[in-house]
Amino acid sequence: MSTRRIMVLGATGKTGTQIVRQALELGHDVAALVRDPARLAINDPKLKVVTGDVLDAASVERGLAGGYDAVISALGVFHREPRTELSRGTANVIRAMQQHGIRRLVVVSSLGAGDSKGQGSLLARILQSFLLKHVLADKDRQEEAIKASG
(Lines give C-alpha, C1' and ligand atoms only; values in the text may rest on other atoms or scores of the structure.)
Protein backbone atom coordinates (compact mmCIF):
# COMPACT_ATOMS: atom_id res chain seq x y z
CA MET A 1 0.00 0.00 0.00
CA SER A 2 1.34 3.44 -0.86
CA THR A 3 1.51 6.28 1.62
CA ARG A 4 -1.32 8.80 1.38
CA ARG A 5 -1.60 12.34 2.68
CA ILE A 6 -4.83 12.51 4.66
CA MET A 7 -6.59 15.40 6.41
CA VAL A 8 -8.84 14.34 9.30
CA LEU A 9 -11.65 16.56 10.56
CA GLY A 10 -13.16 15.87 13.97
CA ALA A 11 -9.85 14.34 15.07
CA THR A 12 -10.32 15.16 18.76
CA GLY A 13 -13.50 13.10 19.08
CA LYS A 14 -13.61 9.37 19.80
CA THR A 15 -14.08 8.29 16.19
CA GLY A 16 -11.70 10.90 14.79
CA THR A 17 -8.97 9.89 17.23
CA GLN A 18 -9.27 6.28 16.08
CA ILE A 19 -9.13 7.33 12.43
CA VAL A 20 -5.94 9.32 13.07
CA ARG A 21 -4.34 6.44 15.02
CA GLN A 22 -5.20 3.85 12.36
CA ALA A 23 -4.02 6.04 9.48
CA LEU A 24 -0.70 6.63 11.26
CA GLU A 25 -0.34 2.90 12.00
CA LEU A 26 -0.79 2.24 8.28
CA GLY A 27 2.08 4.65 7.58
CA HIS A 28 0.09 7.53 6.12
CA ASP A 29 1.00 11.19 6.56
CA VAL A 30 -1.87 12.63 8.58
CA ALA A 31 -2.96 16.18 9.27
CA ALA A 32 -5.69 17.04 11.75
CA LEU A 33 -7.66 20.27 11.51
CA VAL A 34 -8.61 21.06 15.11
CA ARG A 35 -9.91 24.06 17.01
CA ASP A 36 -7.84 23.26 20.11
CA PRO A 37 -4.55 21.41 19.48
CA ALA A 38 -4.25 20.61 23.20
CA ARG A 39 -7.27 18.29 22.87
CA LEU A 40 -5.49 16.02 20.38
CA ALA A 41 -3.70 13.48 22.58
CA ILE A 42 -1.62 11.91 19.81
CA ASN A 43 2.06 12.63 19.29
CA ASP A 44 3.59 11.21 16.13
CA PRO A 45 6.20 12.58 13.70
CA LYS A 46 3.85 11.81 10.77
CA LEU A 47 1.04 13.87 12.34
CA LYS A 48 0.67 17.53 11.47
CA VAL A 49 -1.73 19.49 13.67
CA VAL A 50 -3.44 22.40 11.92
CA THR A 51 -5.40 24.90 13.99
CA GLY A 52 -8.68 25.80 12.36
CA ASP A 53 -12.44 25.51 12.46
CA VAL A 54 -14.63 23.98 9.75
CA LEU A 55 -17.09 26.85 10.27
CA ASP A 56 -14.39 29.33 9.23
CA ALA A 57 -14.02 28.96 5.45
CA ALA A 58 -10.65 30.74 5.40
CA SER A 59 -9.10 28.39 7.97
CA VAL A 60 -10.41 25.35 6.08
CA GLU A 61 -8.96 26.70 2.83
CA ARG A 62 -5.58 27.30 4.51
CA GLY A 63 -5.69 23.89 6.18
CA LEU A 64 -6.38 22.01 2.95
CA ALA A 65 -3.70 23.88 1.00
CA GLY A 66 -1.13 21.21 1.88
CA GLY A 67 -1.81 18.90 -1.05
CA TYR A 68 -3.87 16.06 0.38
CA ASP A 69 -5.03 12.87 -1.31
CA ALA A 70 -8.17 12.63 0.81
CA VAL A 71 -10.19 14.24 3.56
CA ILE A 72 -11.87 12.12 6.23
CA SER A 73 -14.58 13.79 8.27
CA ALA A 74 -15.62 12.46 11.66
CA LEU A 75 -17.34 15.70 12.61
CA GLY A 76 -20.01 15.20 15.20
CA VAL A 77 -22.31 17.31 17.28
CA PHE A 78 -25.09 16.68 19.75
CA HIS A 79 -27.83 19.22 20.24
CA ARG A 80 -31.56 19.25 20.68
CA GLU A 81 -32.24 22.48 18.80
CA PRO A 82 -32.10 22.96 15.03
CA ARG A 83 -28.52 23.79 14.05
CA THR A 84 -26.39 23.61 10.93
CA GLU A 85 -22.75 23.12 11.99
CA LEU A 86 -22.30 19.86 10.08
CA SER A 87 -23.81 21.02 6.80
CA ARG A 88 -22.14 24.46 6.91
CA GLY A 89 -18.77 23.00 7.86
CA THR A 90 -19.02 20.37 5.14
CA ALA A 91 -19.91 23.05 2.57
CA ASN A 92 -16.71 24.91 3.55
CA VAL A 93 -14.71 21.69 3.23
CA ILE A 94 -16.17 20.88 -0.20
CA ARG A 95 -15.36 24.39 -1.50
CA ALA A 96 -11.77 24.18 -0.24
CA MET A 97 -11.36 20.67 -1.67
CA GLN A 98 -12.58 21.87 -5.06
CA GLN A 99 -10.23 24.84 -4.90
CA HIS A 100 -7.24 22.57 -4.17
CA GLY A 101 -8.19 19.70 -6.48
CA ILE A 102 -8.82 17.16 -3.71
CA ARG A 103 -11.31 14.60 -5.05
CA ARG A 104 -11.79 12.08 -2.23
CA LEU A 105 -14.01 12.82 0.79
CA VAL A 106 -14.99 10.16 3.31
CA VAL A 107 -17.62 11.18 5.87
CA VAL A 108 -18.71 9.28 8.94
CA SER A 109 -22.45 9.88 9.01
CA SER A 110 -25.10 8.24 11.18
CA LEU A 111 -27.73 5.56 11.20
CA GLY A 112 -30.98 7.40 10.61
CA ALA A 113 -29.55 9.93 8.16
CA GLY A 114 -29.91 9.84 4.39
CA ASP A 115 -30.66 6.42 2.93
CA SER A 116 -30.70 4.81 6.38
CA LYS A 117 -33.59 6.95 7.65
CA GLY A 118 -36.04 4.80 9.62
CA GLN A 119 -33.65 1.85 9.89
CA GLY A 120 -32.46 0.18 13.05
CA SER A 121 -34.16 -1.27 16.09
CA LEU A 122 -37.31 0.19 17.59
CA LEU A 123 -35.21 1.93 20.23
CA ALA A 124 -32.90 3.37 17.54
CA ARG A 125 -35.89 4.70 15.58
CA ILE A 126 -37.35 6.28 18.72
CA LEU A 127 -34.01 7.96 19.49
CA GLN A 128 -33.76 9.11 15.86
CA SER A 129 -37.26 10.60 15.97
CA PHE A 130 -36.92 12.46 19.23
CA LEU A 131 -33.47 12.80 20.74
CA LEU A 132 -31.46 12.97 17.49
CA LYS A 133 -34.02 14.63 15.21
CA HIS A 134 -32.11 17.89 14.67
CA VAL A 135 -28.68 16.25 14.41
CA LEU A 136 -30.01 13.85 11.76
CA ALA A 137 -31.67 16.69 9.85
CA ASP A 138 -28.28 18.41 9.64
CA LYS A 139 -26.63 15.10 8.67
CA ASP A 140 -29.21 14.85 5.86
CA ARG A 141 -28.20 18.34 4.64
CA GLN A 142 -24.54 17.34 4.95
CA GLU A 143 -25.07 14.21 2.84
CA GLU A 144 -27.02 16.17 0.20
CA ALA A 145 -24.18 18.70 -0.09
CA ILE A 146 -21.72 15.86 -0.63
CA LYS A 147 -23.92 14.20 -3.28
CA ALA A 148 -24.30 17.52 -5.11
CA SER A 149 -20.56 18.30 -4.99
CA GLY A 150 -19.44 15.90 -7.70
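Refer to the structure presented above.
Computed from a predicted model, the values in this text were never measured in an experiment.

As for the sheet that holds strand β4 (residues 70–73)
Strand order in the open sheet made by the five strands is β3-β2-β1-β4-β5, with parallel pairing throughout. With partners counted over all chains shown, the strands left at the sheet margins are β3 (47–51) and β5 (104–107), one partner each. Averaged over all pairs of adjacent strands, the angle between their axes in this sheet comes to 20°, without regard to strand direction. In this sheet, β4 lies alongside strand β1 (residues 5–9) in parallel orientation, the contact comprising four bridges. Bridge pairing in β4 places leucine 9 opposite serine 73. Relative to the sheet, helix α1 (residues 14–25) contacts β1, β2 (29–34), β3 and β4, its axis offset from that of β1 by approximately 165°. Lying over the sheet, helix α3 (residues 85–100) contacts β1, β4 and β5, oriented at roughly 160° with respect to β5.

Some points on the nonpolar core
Counting 16 residues, the largest nonpolar core has Met7, Leu9, Leu64, Val71 and Val93 as its most contacted members. Those elements that provide at least two residues to this core are β1, β2 and α3. With four residues, α3 is the largest single contributor of residues to this core. Excluding its chain neighbours within four sequence positions, the residues that come into contact with valine 93 are Leu9, Val54, Val60, Leu64, Val71 and Leu105. Counting residues in hydrophobic clusters, the runner-up holds 15 residues, among them Ile6, Val8, Ile19 and Ile72.

Cut-offs applied
- Residues numbered from 1 in each chain as written.
- Predicted model: local features only at pLDDT ≥ 70, side-chain atom pairs only at ≥ 80, totals over all residues.
- Heavy atoms only, no water.
- Pairing = 2+ DSSP bridges.
- Helix = DSSP H or I, 4+ residues; strand = E, 2+ residues; numbered from the N terminus.
- Axes fitted to C-alpha atoms, helices over the stretch in contact; angles between N-to-C directions.
- Contact = heavy atoms within 4.5 Å.
- Core = buried A, V, L, I, M, F, W, Y, C linked by side-chain atoms within 4.5 Å.
- Buried < 20%, exposed > 50% of the residue type's maximum accessible area, 1.4 Å probe, protein only.

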